[in-house]
Amino acid sequence: AVKKFKSHEATMIKEMMNEMSIMSSLNHPNIVKCYGYSFTRDGYPLLIMERAEKSLALSFREETLRHVKRKGLLDSGFRLTASMLKERALQICGAVKYLHDNHISHGDLSVPFWFFPESQLKNVIVDSDGRYMLCDFGFAMRIGRVSIAV
């Protein structure tokens with residue numbers, strides 16, 4: 001996959017380099033891999049990353065349609081089961097824990113995903129094996145260790 005940045009100003013190039021630096025340092029099955037960067041002919045930065053098949057919303061819609069077709073129902077009332085939600089949540093939580101263990105904050109994850117899987121959380125994508133992966137580290141930052149005095 002290729003992410004094209006909207007500007008070729010120095011600040012945008014700096015942001016792209018920060019995103020690439022953070023992503024390149026990560027190695028987790030539920031985090032999209034970054035392979036490097038390039039520039040378009042007119043100077044726009046490009047980030048080259050592992051490809052995923054679909055958005056979270058599309059994956060959820062396809063799963064619902066498979067269920068409807070299998071059951072032969074027009075209005076199946078299909079909902080993810082507790083075990084299905086747990087499996088997906090553990091994948092994302094594992095990735096977030098890995099980031100935090102490595103003193104990195106993603107900076108752009110939102111709560112609605114957990115309550116409304118069909119919502120447009122664009123920073124979780126699904127690969128061809130159905131694996132959920134964190135992507136888009138544009139707001140990510142390295143965080144220092146925090147000491148708490150008691």
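Scroll up a little and you will see the structure.
Please read these numbers as outputs of a predicted model, since none were measured by experiment.

Participant: Outline the overall build of the protein, listing residues and values.
Facilitator: When helices and strands are tallied, the protein shows 4 helices and 8 strands. Going from the N terminus to the C terminus, the protein shows its helices and strands as β-α-β-β-β-α-α-β-α-β-β-β. Among the 150 residues that make up the protein, the fraction classed as buried is 37%. Here the protein displays about 9700 Å² of accessible surface, and carbon together with sulfur accounts for 57% of that area.

Participant: So what's going on with the pairing of strand 3 (residues 45-49)? Which residues, and what values?
Facilitator: Buried residues dominate strand 3, accounting for 4 of its 5 residues. Summarising the sheet, strand 1 (residues 2-4) and strand 3 pair through 3 bridges and their orientation is antiparallel. Within strand 3, the residue paired with valine 2 across the bridge is isoleucine 48. Relative to strand 3, strand 2 (residues 34-39) runs antiparallel, the two sharing 5 bridges. Its bridge partner being in strand 3, tyrosine 37 is matched across the sheet by leucine 47. Where strand 2 folds back onto strand 3 in an antiparallel hairpin, the turn is made up of 5 residues, including glycine 43, whose phi is positive at roughly 95 degrees.

Participant: Break down the pattern of salt bridges for me, with residues and values.
Facilitator: Applying the stated criterion to the full structure yields 6 salt bridges. Where glutamate 19 meets lysine 3, a salt bridge forms, and the shortest distance between an N and an O atom there is 3.0 Å. Of this pair, glutamate 19 sits in helix 1 (residues 10-24) while lysine 3 sits in strand 1, placing them 16 residues apart in sequence. Of the residues examined, glutamate 19 reaches a relative accessible area of 1% and is grouped as buried. Residue classification places lysine 3 among the partly exposed residues on the basis of a relative accessible area of 22%.

Participant: So what about the nonpolar core? Which residues, and what values?
Facilitator: Judged by nonpolar contacts, the single largest core of 28 residues is most densely connected at Leu26, Ile31, Leu47, Leu134 and Phe137. Secondary-structure elements contributing two or more residues to this core are helix 1, strand 3, helix 3 (82-101), strand 6 (124-126) and strand 7 (132-134). With 5 residues, helix 1 is the single largest residue contributor to this core. Leaving out residues up to four positions away in the same chain, phenylalanine 137 has contacts with Glu19, Ile22, Met23, Leu26, Ile31, Leu99 and His106.

The rules we used
Residues numbered from 1 in each chain as written. Predicted model: local features only at pLDDT ≥ 70, side-chain atom pairs only at ≥ 80, totals over all residues. Heavy atoms only, no water. Helix = DSSP H or I, 4+ residues; strand = E, 2+ residues; numbered from the N terminus. Buried < 20%, exposed > 50% of the residue type's maximum accessible area, 1.4 Å probe, protein only. Areas by Shrake-Rupley, 256 points an atom, 1.4 Å probe, with all protein chains shown as cover. Pairing = 2+ DSSP bridges. Salt bridge = Lys/Arg side-chain N within 4 Å of Asp/Glu carboxyl O. Core = buried A, V, L, I, M, F, W, Y, C linked by side-chain atoms within 4.5 Å. Contact = heavy atoms within 4.5 Å.

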